[in-house]
Amino acid sequence: MLLLTCPYCGVEAEETELAPGGEAHLKRFGPGSSDDQFEAYLFARKNPKGVHFERWRHAYGCGKWFLAARCTATLEVFGTYPAQTSGPPDDIIARIKARRPDWKGFA
Amino acid sequence: MSTRLTTGGRLIDRAAPIDFSFNGKRLSGFAGDTLASALLANDQMLVGRSFKYHRPRGIVASGAEEPNALVNLGHGARAEPNQRATTTELFDRLQARSQNHWPSLEFDVGVLNKHAARLLPGGFYYKTFIHPRAAWKHLFEPIIRQTAGLGAAPKDGDADRYEQVYAFCDLLVVGGGVAGLHAALVAARAGARVWLVEQSAQWGGRAPVDGDLIDGVPAADWVDAAVAELAGMAHVTLRARTMAAGVYDHGYVLLDERLADHTPGDGRPRHRLWRMRAGKIIAATGAIERPLSFACNDVPGVMLASALRDYLVNWAVVPGQRTVVVTNNDDAYRTAIALHQAGQTIAAVIDARDQAEGALPAQARACGIRVETGKSIARVKGGKRVTGVEVCRQTGDGTISNFLACDAVAMSGGWSPVVHLYSHCGGKLIWDDAGAMFRPDAAHPPITHDGRAMVIAAGAANGALRTAVADADAQVRIALKELGVKARKAKAPRQDLPDEAALQPVWIMPQAATLGLRAKAWLDFQNDVKVSDVQLAAREGYQSVEHTKRYTTLGMATDQGKLSNINGLAVLSEALNEPVPQVGTTTFRPPYAPVPLGALAGEARGAVFQPLRKTPMDDWHAAQGATFEPVGLWRRPYCYSHPNETPQQAVAREVKNTRQALGLLDASTLGKIIVKGPDAGRFLDMLYTNVMSSLPVGRCRYGLMCNEQGFLSDDGVVARIDADTWLCHTTSGGADRIHGWMEDWLQCEWWDWQVFTANVTEQYAQVAVVGPNARKVLEKLGGMDVSQDALPFMAWTDGSLAGFGCRVYRISFSGELSYEIAVPADQGAAFWQACHDAGAALGAMPYGTEALHIMRAEKGFIMIGDETDGTVTPQDLGLDWAVSKKKADFLGKRGQERRFLASPERWKLVGFETLDGSVIPDGAYVAAAGTNANGQRHVQGRVTSTYHSPTLGRGIAMGLLLDGPDRMGEVVSFAKVDGSTVQARVVSPVFYDKHGEKQNV
Amino acid sequence: MSDAVSPISAAGSEGFARVRQIGPLGMVTLRAKAGTKGLKAAVKDATGCALPDKRRIVTKGAFRAGWMSPDEYLLILPRADVAKALAAIAKALNGQHHLAVDVSDARAVFRIEGAKADQVLRKLCPVDFDRLAAGELRRTRAAQVAAAFWRDDAGFTLVCFRSVAGYMGDLLRLCAQPGSEL
Ligand SMILES: [Zn+2]
């Protein structure tokens, strides 16, 4: 059962206080988008063994959505950060690179 | 015979005798006994039967690794099967019964199975019972059910209570032996918040039993001092009788504390499950001795050498008068020496090694004990009890060299570190050739959230069998350093142990044993898996240890292979001609030992099994004897039956009364979310399929919400409160989900939009006042103008009724003249009563959810969850009018443009009227011509709601049908479960008041 | 108007800690982003309390102001003062994007008191009580429902949703049963 620190209220919350929200940094495609774009937005999800970015809501706490970077294989958490961003912040990327030198980077 | 010595026993209090019973026989023991030690003290060697062959089984071990001595404990509401006698503390009037025998322990019909052993080889589940087919149902299964299986499931509800507690610490030390105690001391002295747990009732582990010296003092004294020091520190928590059941992600550990197992009914919870979060875990869980695999090693009286020593030293119990010790290592000599010093006879020490020249063998010889090297046991003689052993050369095939009469055999095949906690979360093991054991690989520990080791093994659990304290000192310092805690510099206590010579791995005894011997050499005592079974599996192509485990059932018994695991896979590796580490181990999974279901359920039983959400009027409903139904976690009245009225009759009455006079509905569960801000209109236009920004203040509009796929997700009436405030009603039970949905889009996608939301569902009680007399009752309550002119259909206004400040919505979900009135929740019960009082003369009656559903179905109004199931669009339901064509974007718009969703072949909403007036069964499909590839009838539609309409006096239904709206008047046929069909005419889904005149008066 | 009726009767219990329901209290949810002009004044005018820091609750007599999230505050005050507080907030935040709403009836409030009061909550909430700061308002889960609480000298005040007041009362009494002290 995971332990993640909510970047908004600072509580180190256990998984039962959180609600999962799937992959982070999806780009929404609405009317006017191609079938391929829309399919990718709705259905195509990464399932890496290793570094992954996820959405979590501090549902039983401050109610805010936040994002987490963690390793799906070892469950190491590289960091959590606010959801108001379209990509992982630099400090998170730096921390991942320090821990996983062969990581290909956020794409 | 097995008996209690007149002196000794460090754990028993001879001044405190205890009566107990086994299979109805009255026996007695002492305070401090386990059930196992007390049984042995009473010469009760036979404690059960094996699973497959029903062979007699005796006590083998002295702890959690015991495979045989499982009993039914207690009776009635305090009955628990499969309790380990070795870990069950004796208490007054304890009642135990043996299990897995039929009809009795002494005479067991299942023992016939042993004559059928030829039919029950490894993999017998997959081989023997296949043919003939009918024989399984009528012959094999009934017999197996009768004779196999473990204890009986209790029939009564559990009288005990259980609880769970959340706990946190820097360092959790598991295991209260000398390694664990020392690790805890170092950490505690450094100021860390420490927990130390020990599964048994005693601290100290094996060291006091073996009489070790620590820093020159007897281990028992050192242990007492360590426990006293730890107990005196506020930041240290000591818990005995507490088993670490499992290690999970990020330092989460379940600890099962046995509070009242030994004091049943004393008012305390029986077990307490600690839900621990530890910064770091030290697994000082010790090691478990391995049996040796020689023929008939399962005869009662054959025990682990260390267990024999435990029974002697801890409880002054000797299982036999004349003992043979069989070993491949020096440690087992301690048992021979201890027994000798207690005045017992040792027939011989049979040592598989060619030489035994260490300090302990020397001491044994000096005691006059006969030591035979290079020897092994060919076969144990005896049935329900050991009578002797046939001795042979270890390197031979079992040719007997001599016979030794004895009534107990102490065996030792070396020690295996208890690596379970290290392995639960993926810690890797390495094979240690010198110790012939798997031990934790510190280079590949289980990882916690900071990327560092979550579990660090220490002492014997780390393979440091003889340097446990020194190893614990080193390991705890690593742990503290990673935790950022500075440990004091200090020398580790000195453990003075005699030197030991190397052990010699012995997996089969003797080395070239004949098939006859191997077929009697047990690996897994409980599941009856023998050396020959594993070898057969290897011959049949099972190369993976995981496959072999399932095929043979090795290690799948309730002891989870604590004794059998290493021996089994060593036999497999020899059969496959591969080294042990190549073959690998099976996966260790929690729990380490069984945890009662009650402890896992914790407080969640009875009244607090799950939250029950109640409206402010709930007491009133209950007092009226309402029949309740769950809606989400809410409980809502389904109907209010009068005396001598069935629920069905009550529902019909409620519908008719509402349509003819006046119905009152507790609608408080309806979700209510306030959306406010400069961008609120724009936001709601994205959320709903229709336009909400254009809604005038004071008016209401019905709206639909879809997910991004374009499927309907929720519906409800939206009211415009002021220039930048809207109130969105959601379905009952949908409020939290929709509020979360709104917040998700506001926080994660449109975070620059200025919108705030608040879920105010529970702030208001809401009453639906419905029916031709609705206006009259409000006028009678008085206080505001509720006329058609002042408050037309789909308008709302604030005001007061009978002095209750309220907001009145002129909306209808029944097709009748209807007002929904919201008052502050604390006023809800009083307002509800006021409505009934004022309405009494106008025919007011409460109605429940079933009448609500029927009335909306009569009107053709859809219900989320009935007409929708996550695959239905608004267009499918003929709700195109509520989907904006003008808006450039809304959630679901792009999804609905997909070819499949835009297809004209999608099933569409229609009504169905049965020709015979009957009610179409729930979920029935409309049959079409032909069958599919599986021989199933093609279908062209299905029912989504179906009721008996009291208003129309016939069955009505709504459903989805291919080309539905174009097929009005056509008769279709619904398939029923019994194979028959029911004919129904396709009609408009609006069955009642087709032009909506009644609600708009 | 009739007298306010609390969600469940405020019966006490004879456990190792005292559990009772209190109220009715006034409660206002105030949503505004930190730094909104007039926010400090709004909280001050409504409750007399300073704007609480992250995860803190400020007390001034019968008035409290708690930090619920980066853009949400819970104001607790006598029921009779709610209308006045809402008016004060509206005035102080006039023209600023905010939302203030009366949630007095939507909540149930419990007191858990006694030297071992923390043990009751340790059985329900995944919270490290040893590290709970003074004046900390902790939002979390109590068994299967959302809850918020803070500690004072005599024990804890716990707030939950009104509809589950019965469930919460049963839970608290169950966990305070004699014989189950930790
Ligand atoms: Zn948070």
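Reading the values: the criteria
Residues numbered from 1 in each chain as written. Chains lettered and ligands numbered in written order. Predicted model: local features only at pLDDT ≥ 70, side-chain atom pairs only at ≥ 80, totals over all residues. Heavy atoms only, no water. Phe/Tyr/Trp six-rings, centres within 6.5 Å; stacked < 30°, edge-to-face > 60°. Helix = DSSP H or I, 4+ residues; strand = E, 2+ residues; numbered from the N terminus. Buried < 20%, exposed > 50% of the residue type's maximum accessible area, 1.4 Å probe, protein only. Lys NZ or Arg CZ within 6 Å of the ring centre and 35° of its normal. Pairing = 2+ DSSP bridges. Right-handed = clockwise from strand over helix to strand, strands pointing away. Contact = heavy atoms within 4.5 Å. Buried area = accessible area lost by both parts, 1.4 Å probe. Salt bridge = Lys/Arg side-chain N within 4 Å of Asp/Glu carboxyl O. Donors = N, O, S within 2.8 Å, 3.2 Å for Na, K, Ca; no water. Axes fitted to C-alpha atoms, helices over the stretch in contact; angles between N-to-C directions. Parallel < 35°, antiparallel > 145°, perpendicular 65-115°, else oblique. Left-handed = near helix turned anticlockwise from the far one by under 90°. Nonpolar A, V, L, I, M, F, W, Y, C, P; charged D, E, K, R; others polar.

### Considering the packing of aromatic side chains
Under the defined criterion, the tally for this structure stands at 24 aromatic pairs over all chains. The interplanar angle of 70° and the centroid separation of 4.8 Å between the aromatic rings of Trp195 of chain B and Trp274 of chain B together place this pair among those described as edge-to-face. Residue Trp195 of chain B is found in strand E10 (residues 194-197), and its partner Trp274 of chain B is found in strand E16 (residues 271-283); the two are separated by 79 residues along the sequence. Given the relative accessible area of 6%, Trp195 of chain B is considered buried. A relative accessible area of 3% places Trp274 of chain B in the buried class. Ring centres of Tyr311 of chain B and Trp315 of chain B lie 5.4 Å apart, and the angle between their planes is 40°; on these two criteria the pair is classed as tilted. In this pair, Tyr311 of chain B and Trp315 of chain B are both assigned in helix H7 (residues 305-315), four residues apart and thus about one turn of the helix distant. Note on accessibility: Tyr311 of chain B and Trp315 of chain B belong to one class, buried. The cationic tip of Lys27 of chain A hangs over the ring face of Phe29 of chain A; the distance from NZ or CZ to the ring centre is 5.2 Å. Over the ring of Phe628 of chain B we find Arg635 of chain B, and its NZ or CZ is 3.9 Å from the ring centre.

### A word on the pairing of strand E20 (residues 322-327) of chain B
Residues and elements named next belong to chain B. With five of six residues buried, E20 is to be regarded as a mostly interior element. Of the strand pairs in this sheet, E20 and strand E21 (residues 345-351) are connected by six bridges, and their pairing is parallel. Considered in E21, the bridge of Arg322 is made with Thr345. Once you follow E20 into helix H8 (residues 333-341) and on to E21, the crossover reads as right-handed. Relative to strand E26 (residues 408-412), E20 runs parallel, the two being bridged by five bridges. The residue of E26 that forms the bridge with Thr327 is Ser412.

### Some details on the interface of chain A and chain B
Across the contact, 31 residues belong to chain A and 34 residues belong to chain B. Across the chain A to chain B interface the summed buried area is about 2600 Å²; carbon plus sulfur atoms make up 50%. The largest per-residue losses of area from chain A upon contact with chain B belong to Met1, Arg28 and Pro31 of chain A, which jointly make up 26% of the total buried on that side. Applying the counting criterion to the chain A and chain B interface returns five salt bridges. Residue Arg894 of chain B is joined to Asp35 of chain A by a salt bridge in which the shortest nitrogen-to-oxygen separation is 2.8 Å.

### Description of the coordination of the zinc ion
Residues and elements named next belong to chain A. Here the zinc ion is held by Cys6 (SG), Cys9 (SG), His58 (ND1) and Cys62 (SG), and the distances to it run 2.0 to 2.4 Å. Mapped onto the sequence, the residues coordinating the zinc ion show the spacing C-x2-C-x48-H-x3-C. Taken as a pair, Cys6 in the loop between strand E1 (3-5) and strand E2 (12-14) and His58 in the loop between strand E4 (51-57) and strand E5 (65-71) lie far apart in primary sequence, 52 residues in all. Of the two residues examined, Cys6 and His58, each falls in the buried class.

### Thoughts on the packing of helix H13 (residues 531-539) of chain B against helix H14 (residues 545-552) of chain B
All names here are of chain B. In the contact formed by H13 and H14, the axes pass within 10 Å of each other and the chain directions differ by 125°. Our classification of the angle between H13 and H14 gives oblique. Pair H13 / H14 crosses with right-handed handedness. Residue-level contacts link Asp533, Val534 and Ala537 of H13 to Thr548, Tyr551 and Thr552 of H14. The residue makeup of the contact of H13 with H14, split by class, is three nonpolar, two polar and one charged.

### Overview of the environment of Cys748 of chain B
By the secondary structure assignment, Cys748 of chain B is in helix H21 (residues 735-748). Through-space distance from the C-alpha of Cys748 of chain B to that of Met617 of chain B is 38 Å; in sequence the pair is 131 residues apart. Leaving out residues up to four positions away in the same chain, Cys748 of chain B has contacts with Arg55, Trp65 and Ala83 of chain A together with Glu743 of chain B.

### Some thoughts on H8 of chain B
With seven of nine residues buried, H8 of chain B is to be regarded as a mostly interior element. Backbone geometry just after H8 of chain B places Gly343 of chain B at a positive phi near 90°.

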